[in-house]
Amino acid sequence: MVNFNGKLVPPDTTTGNHDNRGLRFGDALFETMRVVNGTIYFWEEHYLRLMASMRILRMEIPMEFTMEILEKQLLELLKANELQDKAARVRFTIFRNAGGLYLPQTNDISYYIESSLLETPFYLLSEEAYEVELFKDFYVNPDMLSTLKTNNKMLNVVGSIFAAENGYQNCLLLNNAKQVVETLNGNLFLVKDKHIKTPPLKAGCLNGIVRKKLLGMLTNLPEYTIAEEMISPFELQKADELFTTNTIVGIQPITKYRKKQFRTSVAKELLGKLNAQVRLANAAQVGN
């Protein structure tokens, strides 16, 4: 089942047509969330990012779009799909209602929520080889829109095809200043000695939830220094570690870029702390 505008319907139910603005113009945005045993990881952060993104895109926010109502709908969907006691991936997609050309006839929205099973309830560190390469066919345009999770992901789609055709597990994206911005599906962190840095939002990277969590976590770890700084392609092979982050996988170590093999010790340490933070947050949520 999927949730379409607050109602549970079969997944093959038509929820759009050729007038769908998400299809015609990419006039849509989404949030992807991890839910374990009925607990939504980082739900408040996802909700606030969703509301902020809708305001930036000038979408009308319905009165019923409260944290409590949306959480209830999401959990009802998981129950209908028998995922309430499992680990699940949930995607919440919002699109402006049909009408108009570039100028919409309305700013009212429709939405759907879909869910699928995840293999594990915990963030696990992958031990498999994970090689990346620069994707230089197209570039990220650094502005506020590039920091949002909109449906305009053609750069990521073409980059993913390039990676698959050339045997890479991911690609590093560049902005039009030729600075490294992020990976195809997450934020990028670079480790050199005890210094860790990640590109700033002004470089064009996604305003990631796990990125924000790690930045907060690292400020409380005195053994490391953390900075939001531009990353040049020339720095990559001098780094000790590279890793990418997103809400679904947590932290994914990058093991190889060109001739450079990377360690994974810092990524492993931070993933353990991220799991601990999630467990504490979930325990507090259950207690409330």
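Below is a summary of the structure that appears in this document. (Residues numbered from 1 in each chain as written. Predicted model: local features only at pLDDT ≥ 70, side-chain atom pairs only at ≥ 80, totals over all residues. Heavy atoms only, no water.)

### So, the pattern of salt bridges
Put simply, the test is: What counts as a salt bridge is simple: a side-chain nitrogen of Lys or Arg found within 4 Å of a carboxyl oxygen of Asp or Glu. A run of H or I in DSSP counts as a helix once it spans at least four residues, and a run of E counts as a strand once it spans at least two, with each numbered from the N terminus. Classification of residues uses two cut-offs on accessible area relative to the type maximum, computed with a 1.4 Å probe and protein chains only: under 20% is buried, over 50% is exposed, and between them is partly exposed.
Summed over all chains, the structure comprises ten salt bridges. The partner of R96 in a salt bridge is D27, with the nearest N and O atoms 2.7 Å apart. Remark: D27 occurs in the loop between α1 (21-25) and β3 (28-36) and R96 occurs in strand β5 (residues 87-96); sequence separation between them is 69 residues. What makes R96 buried here is its relative accessible area of 7%. Residue class for D27 comes out buried when judged on its relative accessible area of 10%. Here E229 and K197 are joined by a salt bridge, their closest N and O atoms 3.7 Å apart. One end of the pair, E229, is in the loop between β12 (225-228) and β13 (241-246); the other, K197, is in strand β11 (residues 195-198), with 32 residues separating them in the sequence. If you follow the salt bridges from partner to partner, you end up with R21, D27 and R96 in one network.

### A closer look at the pairing of strand β8 (residues 170-175)
Short version of the rule: One bridge is not enough; two strands pair if DSSP finds at least two bridges between them. Throughout, right-handed denotes a crossover for which the path from the first strand over the helix to the second runs clockwise when the strands point away from the viewer.
Extensive coverage of β8 is indicated by the burial of six of its six residues. Both strand β7 (residues 131-140) and β8 contribute to a ladder of five bridges, which runs parallel. Of the residues in β8, the one forming a bridge with F135 is L173. At this point the chain moves from β7, through helix α4 (residues 154-165), to the parallel β8, and the crossover so formed is right-handed. The pairing of β8 with strand β9 (residues 180-183) spans three bridges and is antiparallel. Note that in β9 the partner of L173 across the bridge is E182. Linking β8 to β9, which pair antiparallel, is a turn of four residues; within it K178 sits at a positive phi near 65 degrees.

### Observations concerning the sheet that holds β13
Two modes of strand pairing occur in sheets, parallel and antiparallel, and in both the strands are linked by backbone hydrogen bonds. Using the following cut-off: In this analysis, axes come from line fits to C-alpha atoms, helices being fitted only over the stretch in contact, and the angle between any two N-to-C directions falls in the range 0 to 180 degrees.
The five strands lie next to each other as β12-β11-β10-β13-β14, forming an open sheet whose pairing is mixed. Because the sheet does not close on itself, it has two edges, and the strands there are β12 and β14 (250-254). Mean inter-strand twist for the sheet, computed between neighbouring axes without regard to direction, equals 25 degrees. Taken together, the three bridges between strand β10 (residues 187-192) and β11 define a ladder with antiparallel strand orientation. Directly across from V191, in β11, lies its bridge partner I196.

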